[in-house]
Amino acid sequence: MLLVLSEEHKEHLGFLSEVDPAVVGESGRIAVEFLKKGSNPKIYEGAPRKLNVWSGSVQHGLEGLMYLLTESCKLTISEEDFQDSVLVLGFSEELTELLLQLYLENRKEIRQILSKLAPSLPHYHSLEWRLDVQLSSRPLRHQLKPTVTLKLHLEDGARRSARVLQTDPPRCSISLTSWSERSQSSRAATAAASSTTSNRSTPLYDTTAVHSGSDLFA
Amino acid sequence: MRFRFCGDLDCPDWVLAEMSTLARMSSVKMKLLCVQVIKDLLDEGIDYDKVSKLTSDAKFESGDIKASIAVLSFILSSAAKHDVDSDSLSSELQQLGLPKEHTTGLCKSYEDKHSALQEKLREISLRLGRLEAVNWRVDYTLSSSELKQVNEPTVQLKLQAQDPETDSTQTTVVSITADKFRVLLTELKQAQTMMNALQ
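So, how was this worked out
Residues numbered from 1 in each chain as written. Chains lettered and ligands numbered in written order. Predicted model: local features only at pLDDT ≥ 70, side-chain atom pairs only at ≥ 80, totals over all residues. Heavy atoms only, no water. Helix = DSSP H or I, 4+ residues; strand = E, 2+ residues; numbered from the N terminus. Buried < 20%, exposed > 50% of the residue type's maximum accessible area, 1.4 Å probe, protein only. Contact = heavy atoms within 4.5 Å. Areas by Shrake-Rupley, 256 points an atom, 1.4 Å probe, with all protein chains shown as cover. Axes fitted to C-alpha atoms, helices over the stretch in contact; angles between N-to-C directions. Parallel < 35°, antiparallel > 145°, perpendicular 65-115°, else oblique. Left-handed = near helix turned anticlockwise from the far one by under 90°. Nonpolar A, V, L, I, M, F, W, Y, C, P; charged D, E, K, R; others polar. Expected span 1.5 Å × (residues − 1). pLDDT = per-residue confidence, 0-100. Core = buried A, V, L, I, M, F, W, Y, C linked by side-chain atoms within 4.5 Å. Buried area = accessible area lost by both parts, 1.4 Å probe. Salt bridge = Lys/Arg side-chain N within 4 Å of Asp/Glu carboxyl O. Polar contact = N/O pair within 3.5 Å; in protein donor to acceptor, adjacent residues only side chain to side chain. Pairing = 2+ DSSP bridges.

Per an unreviewed UniProt entry, the recorded name for chain B is COMM domain-containing protein 4-like, and the organism is Cyprinus carpio.

Chain A carries the name COMM domain containing 2 in an unreviewed UniProt entry, which gives Cyprinus carpio as its organism.

Here it is in structure tokens:
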């Protein structure tokens, strides 16, 4: 599949054909650094002076290069398709080869960076549980009511949170069997899926089967 | 194969794999390592300098040190959790391939600290909204903006409890009239009688 480059994008990348191949190599390296660590505006100040060009064209050139790399990595386009897509820019063969090498060498790492940008839900950290029997309460004595209290610890990036849930043992055992069935089918699904999918486990809790512990303090 | 110290389940693969790591240490050093691990489990603080001295003879790398602490923590806390006696633990560990001298050392440490471990595990069991402190004060209201002669005693209770979800301390202050307080006290005494019957 071919990349379709907008006119503006082609114009920005045109900067690369006006400079030495060494500069192109250096720009490539800087573009990858920017993708890994974020852009550094100081480069946009120092480089134009050295190259004797308008500072805007350096910035556009670098951003154009970064965009070219991220789009190519996003779609994992093949070598031939990359070369054909870049052909429209009318670069020399040497330059095209340089860009291709840049793409191939950094493809895997850029894909890893892109995978972290997807939105994520809080995921399972740990579970504490407790089995109790309610013997008496203020309104009613001589009871025998078993309850299971769960504290689900979740993690969302650096943030930890906890949810307290309470249920009675029959409903708890129904939840457990449905969780174990779902975890088995989830394991089968991840085995069948391609190796590029993320392997972080998703929380499998079904909140319809448990109710929150607000009546704990009745 | 079911193991009692694993709660009548299969022994995890990683535990089995680390038996050979433990066997690389001398049994004396391993017993001393057990003592350190138990101190860590009881929140008494683990001395990492001592640990690295103990493992240096066997030329453990940092990965090996972490693995041996992890496997000993697992064995000791899991055995305490399922209330396994020291003889059963000894025979199960030998079945997993831990040499006899090492097993004896481990089980002796376990037996010595068995009740302390269980007490600690009981303490850290899930409890929601733990009551941390209670403060009280009795006031006598003389007068107010509504009524010139009030002449009423009240109790003010300050309760500091742990929030169940965020684990931070929450303070609640309540003021109770004499009648309401009498009701509260009677109900709590009934609960106390029930608690005493269960002890």
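There's more to say after this.
**Q** Pulling in residues and values, what's your account of the overall build of chain A?
**A** Counting its regular elements, chain A contains seven helices and four strands. Taken from the N to the C terminus, the helices and strands of chain A come in the order α-α-α-α-α-α-β-β-β-α-β. Looking at chain A as a whole, 33% of its 218 residues are labelled buried. Pairs at least 24 residues apart make up 62% of the contacts formed inside chain A by residues separated by at least 6 positions. Split by element, the accessible area of chain A, about 14300 Å² in all, is 55% carbon and sulfur.

**Q** Give me the lowdown on the packing of helix H2 (residues 27–41) of chain B against helix H4 (residues 62–81) of chain B, citing residues and values where you can.
**A** Residue and element names in this part refer to chain B. For the pair H2 and H4, the least separation of the axes is 10 Å and the interaxial angle reads 70°. What the angle tells us is that H2 and H4 run roughly perpendicular. By crossing handedness, the relation of H2 to H4 is classed as right-handed. Across from Met30, Leu33, Cys34, Val37, Ile38 and Leu41 in H2, the residues of H4 making contact are Ser68, Ile69, Leu72, Ser73, Leu76 and Ser77. For the contact of H2 with H4, a count of residues per class yields nine nonpolar, three polar and no charged.

**Q** Could you give me a rundown of the environment of threonine 171 of chain B, with the residues and numbers involved?
**A** Residues and elements named next belong to chain B. Locating threonine 171 in the fold gives a position in strand S5 (residues 169–177). Separated by 39 residues in the primary sequence, threonine 171 and glutamate 132 have C-alpha atoms spaced 9.7 Å apart. Among residues more than four places away in sequence, those in contact with threonine 171 are Lys158, Leu159 and Gln160.

**Q** Provide a residue-level description of H4 of chain B, including the pertinent values.
**A** Each turn of an α-helix holds 3.6 residues, which means side chains three or four residues apart point in the same direction. Taking 1.5 Å per residue as the helical rise, H4 of chain B with its 20 residues ought to reach 28 Å, and the 28 Å between its terminal C-alpha atoms agrees with that figure. Taken from the residues just after H4 of chain B, aspartate 83 of chain B is the one with a positive phi, measuring 55°.

**Q** Which residues make up the confidence of the model for chain B, and what are the values?
**A** Scored by pLDDT, chain B has a mean of 91; 100% of the residues are at 70 or more. The complex model carries a pTM of 0.63, and its ipTM stands at 0.76.

**Q** So what's going on with the nonpolar core? Residues and values would help.
**A** Phe5, Leu72, Ile75, Leu89, Leu93, Leu106 and Tyr110 of chain B are the most contacted members of the largest nonpolar core, which has 36 residues in total. Residue assignment for this core shows that the elements contributing at least two residues are helix H1 (13–23), H2, helix H3 (48–56), H4, helix H5 (86–95) and helix H6 (100–123) of chain B. Top contributing element to this core by residue count: H4 of chain B, with eight residues. Those residues in contact with leucine 72 of chain B that lie beyond four places of it in its chain are Leu22, Met30, Leu33, Cys34, Val37 and Leu106 of chain B. In this structure, Leu3, Leu5, Phe34 and Leu102 of chain A belong to the second largest nonpolar core, which totals 33 residues.

**Q** How would you sum up the interface of chain A and chain B? Please name residues and give values.
**A** By a widely used convention, the size of an interface equals the accessible area lost when the partners come together. With 15 residues of chain A at the contact, the number on the chain B side is 12 residues. Taking both partners together, chain A and chain B bury about 1200 Å²; carbon and sulfur atoms supply 58% of that area. Counting the contacts that link chain A with chain B gives two salt bridges. Salt-bridge contacts for arginine 141 of chain A lead to glutamate 187 of chain B; the nearest nitrogen and oxygen are separated by 3.9 Å. Applying the counting criterion to the chain A and chain B interface returns five residue pairs in polar contact (both at pLDDT 80 or more). At the level of secondary structure, the elements contributing two or more residues to the side of chain A that touches chain B comprise strand S1 (123–134), strand S2 (145–156) and strand S3 (159–167) of chain A. Grouping the constituent residues of the side of chain A that touches chain B by class yields seven nonpolar, two polar and six charged.

**Q** Give a detailed account of the sheet that holds strand S4 (residues 152–162) of chain B, specifying residues and quantitative values.
**A** Residues and elements named next belong to chain B. One open sheet holds the three strands; their spatial order is S3-S4-S5, and the pairing between them is antiparallel. Every other strand in the sheet has two partners, leaving strand S3 (131–141) and S5 as the edge strands with one partner each. With strand direction ignored, the average angle separating the axes of adjacent strands in the sheet is 15°. Alignment of S3 against S4, held across 10 bridges, turns out to be antiparallel. Within S4, the position partnered with threonine 141 by the bridge is glutamate 152.

**Q** Please set out the pairing of S2 of chain A residue by residue, giving values where relevant.
**A** Residue and element names in this part refer to chain A. Counting buried positions along S2 yields nine of 12 residues, so the element is predominantly enclosed. Examined bridge by bridge, S1 and S2 share 11 bridges and lie antiparallel to one another. If you follow tyrosine 124 over to S2, its bridge partner there is leucine 154. Direction of pairing for S2 relative to S3: antiparallel, over a ladder of nine bridges. Across the sheet, residue histidine 153 finds its bridge partner in S3, namely alanine 162.

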